Protein chains: 2
Amino acid sequence: MHERADQAAQPRTVGELGEDAALARILPRLRPADAALLGPGDDAAVVAAADGRFVVTTDLMVHGPDFRLAWSTPFELGWKAAATNLTDVAAMGARPTALVVAIAAPSSLDASVLEGIADGLRECLAALAPGAGVVGGDLTASSVLTIAVTAFGDLEGRPPVTRSGARPGDVVAHAGARGDAARGLALLFDEATDASGEPDSAAVDVLRDRHPDLIVAQLAPSPPVGAGVAAAAGGATSMLDVSDGLARDARRVAQASGVGIDFSAAALGPDVRLALAGGEDHGLLATFPPGTALPEPFEPIGLVTDAPGRLFVDGVAIDSAGWDPYSGWDGRAG
Amino acid sequence: MHERADQAAQPRTVGELGEDAALARILPRLRPADAALLGPGDDAAVVAAADGRFVVTTDLMVHGPDFRLAWSTPFELGWKAAATNLTDVAAMGARPTALVVAIAAPSSLDASVLEGIADGLRECLAALAPGAGVVGGDLTASSVLTIAVTAFGDLEGRPPVTRSGARPGDVVAHAGARGDAARGLALLFDEATDASGEPDSAAVDVLRDRHPDLIVAQLAPSPPVGAGVAAAAGGATSMLDVSDGLARDARRVAQASGVGIDFSAAALGPDVRLALAGGEDHGLLATFPPGTALPEPFEPIGLVTDAPGRLFVDGVAIDSAGWDPYSGWDGRAG
């Protein structure tokens, strides 16, 4: 009884705690980055960049278009915020070293949500990018929970692998899931919303039991981050993170490199349409010179052709399609 | 008449344009960074870090707690988003080199607002950190306009100047405005809101005519970014960016360094209370060994004492007070 009374007296929301006290609950949950020469607590952090350059990418995750609190746990939000940025670093052929994380949170948000996000960030880094850590951040107020992650990487002396180096004759290869995250999202929209279309948290628990792999693929993906360095070291001529769907992202390589990409239907798996259109798997799409021994876990899925900016499946031209945050979001949160 | 018909047919909102077309209107307005080895357009950018380290800081600006669209022009939003991050880099004694900028914008936002933000970012960089530039970013949907900036700097071989190096006997010095931004904000709240407390854009125009310096100090400040490198080169023992008010930020130095800070009332100017409490001036507070010739435009404003974590004015103990995003925001936007 005493314990319950004590808990009730403790501030629980971010607004009750204020910025400094909320940060004091988050920071101890994070592990230092090996590359941090000066970590959180000052105006800025100082991070090692041994080869005299650093790779940097930034992404926002917004309640509504990018996640639903009724579907994702706070741990999964932190995990996904880290994972999606780590793959952008990996897609340059770099080893992730550090993140900074800025969060805008409603005053009414329970502080345990921030703790869960911190736990998810920490465990995702430990799993996908050992040695990388959070070196700084910001916490401010907003009516919409928003997580802004900026991630850094070390090219370790190698040139960056861009989107523009694919050459006709190269092998098109892919590492990671194809369509699992989209199947998970379709399940959530089809079976974890109520009659009015609002996310239903009870239904998610049922889905997690029935389709654990697909739901986790959507809510807390584990993309092949280490494959980025392997691809660069193995001679990749181009590479990118597949966030908006294989077709839409492959067209970006095709346009940047001035080449065509011809997918092999047989290599894409049983559901070619899903493999090409499904977003958010965050696999790595790379091209390699013909005859290259593909590094694990890359698989050959097509060939680079000389038809600038165009996509094909077994030689037949296709359109690209994929996620756009404006056409893809109906304005709901939940 | 033809021209008008053409204009009406062109997409104008961010939602009508979509992510790629909106980015295509922003990116050409930015200038490349001297340090950019690979700029926007790939999964990540590559930035030079000549001395094998980089300084990094991140900050969110959210519609409501951090700005009002009825008060600030888009240009001013971009300018302030850059300026506040540049001073955090400067406060480490580093030269700013690059920014990444992530924006979450409502679908209904006119694309010209994003163009104005880009113009403000560009011109602030040109004015306060020549050679620095935007190297990457993200654009996504949200019901609340949110600007996340992460800024980078080059220590040029010097050790970073932290908050923890102040020693008893050091001179306390300050560069920049003291209280102007807070006076501007008070004017806006007092004279540019309507009877129900909502921001009134017409009244701002009147205020801009009557108090141009104070309104600009709040909406588009020009902090002494270059003074950061000068302080570091001139022997500063500690330094920080004064964002939450001189008293609250000085206490951070006092706590991190285990010292006291005794301000001179005469040096703080005619309104000591305003100088100590007013936030958002983004001046630089630094300490220097006794006898140091202070670099321009630093002015002596007090002395470091041996009373750990405590603040004084002419030897009399004071409390700190300043901005907290949770206690300081009433939930309104406008």
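Conventions used here
Residues numbered from 1 in each chain as written. Chains lettered and ligands numbered in written order. Predicted model: local features only at pLDDT ≥ 70, side-chain atom pairs only at ≥ 80, totals over all residues. Heavy atoms only, no water. UniProt positions renumbered as here; feature names shortened; annotations may be inferred. Phe/Tyr/Trp six-rings, centres within 6.5 Å; stacked < 30°, edge-to-face > 60°. Helix = DSSP H or I, 4+ residues; strand = E, 2+ residues; numbered from the N terminus. Buried < 20%, exposed > 50% of the residue type's maximum accessible area, 1.4 Å probe, protein only. Polar contact = N/O pair within 3.5 Å; in protein donor to acceptor, adjacent residues only side chain to side chain. Pairing = 2+ DSSP bridges. Axes fitted to C-alpha atoms, helices over the stretch in contact; angles between N-to-C directions. Contact = heavy atoms within 4.5 Å. Least-squares fit on C-alpha atoms with pLDDT ≥ 70 in both.

Chain A carries the name Thiamine-monophosphate kinase in an unreviewed UniProt entry, which gives Agromyces fucosus as its organism. According to the UniProt record, the Function (unreviewed entry) comment for chain A reads "Catalyzes the ATP-dependent phosphorylation of thiamine-monophosphate (TMP) to form thiamine-pyrophosphate (TPP), the active form of vitamin B1." As its UniProt record puts it under Sequence similarities (unreviewed entry), chain A is described as follows: "Belongs to the thiamine-monophosphate kinase family."

Draft legend 1. Representation of the packing of aromatic side chains within the structure. Per the counting criterion, the structure on display carries 12 aromatic pairs over all chains. A centroid spacing of 6.2 Å and a plane angle of 35° characterise the contact between A:Phe75 and A:Trp79, whose relative ring orientation is tilted. Linking A:Phe75 with A:Trp79, this pair stays in helix H3 (residues 74-90), spanning 4 residues, or about one helical turn. The buried category is assigned to A:Trp79, whose relative accessible area is 12%. An angle of 70° between the planes, with centres 6.1 Å apart, marks the rings of B:Phe54 and B:Phe152 as edge-to-face. Of the two residues, B:Phe54 is situated in strand E3 (residues 53-62) and B:Phe152 in strand E6 (residues 146-154); the sequence distance between them amounts to 98 residues. Both residues of the pair, B:Phe54 and B:Phe152, count as buried. Three or more aromatic residues link up through ring pairs in this structure, and these residues are A:Phe54, A:Phe152, B:Phe54 and B:Phe152.

Draft legend 2. Quick look at the UniProt feature "binding site: substrate" (unreviewed entry) in chain A. Residue and element names in this part refer to chain A. As recorded in UniProt, the sites labelled "binding site: substrate" (unreviewed entry) are Asp66, Glu280 and Trp323. Here Val62 takes part through its backbone nitrogen, which lies 2.9 Å from a polar atom of the side chain of Asp66. Inspection of the secondary structure puts Glu280 in the loop between helix H11 (272-277) and strand E10 (283-288). Residue class for Glu280 comes out partly exposed when judged on its relative accessible area of 21%. Separated by 3.5 Å, the side chains of Glu280 and Gln218 make a polar contact.

Draft legend 3. The arrangement of the side chain of A:Thr146 in detail. Residue and element names in this part refer to chain A. Relative to the elements of secondary structure, Thr146 occurs in strand E6 (residues 146-154). The exposure class of Thr146 is buried, given its relative accessible area of 1%. Looking at Thr146, its side chain comes within polar contact range of the main-chain oxygen of Val144, at 3.0 Å.

Draft legend 4. Focus on the sheet that holds E6(A). Ordered by their spatial adjacency, 6 strands build an open sheet running E5(A)-E4(A)-E6(A)-E3(A)-E2(B)-E1(B), and the pairing between neighbours is mixed. In the strand order of this sheet, the two ends are held by strand E5 (133-141) of chain A together with strand E1 (36-38) of chain B, each with one partner. The average undirected angle you get between the axes of adjacent strands in this sheet is 25°. Bridging between strand E3 (residues 53-62) of chain A and strand E2 (residues 45-48) of chain B involves 4 bridges; their strand directions are antiparallel. Within the sheet, the bridge partner assigned to A:Arg53 lies in E2(B) and is B:Ala48.

Draft legend 5. Geometry of the environment of B:Ala317. All names here are of chain B. Residue position: Ala317 is located in strand E13 (residues 316-318). Considering only alpha carbons, one finds Ala317 and Pro96, 221 residues apart in sequence, at a separation of 36 Å. Those residues within four positions of Ala317 in sequence are excluded, and the remaining contacts are Arg310, Leu311 and Phe312.

Draft legend 6. Examining the relation of the copies chain B and chain A more closely. Taken as rigid bodies, chain B and chain A are interconverted by a rotation of 180° and an axial shift of 0.0 Å, the fit giving an RMSD of 0.0 Å. On this basis, the relationship between the two copies can be described by a two-fold rotation axis. Across chain B, the smallest distance between a C-alpha and the rotation axis is recorded for B:Gly52, namely 2.3 Å. Both copies share a contact surface, since 100% of the interface residues of chain B are interface residues in chain A too.

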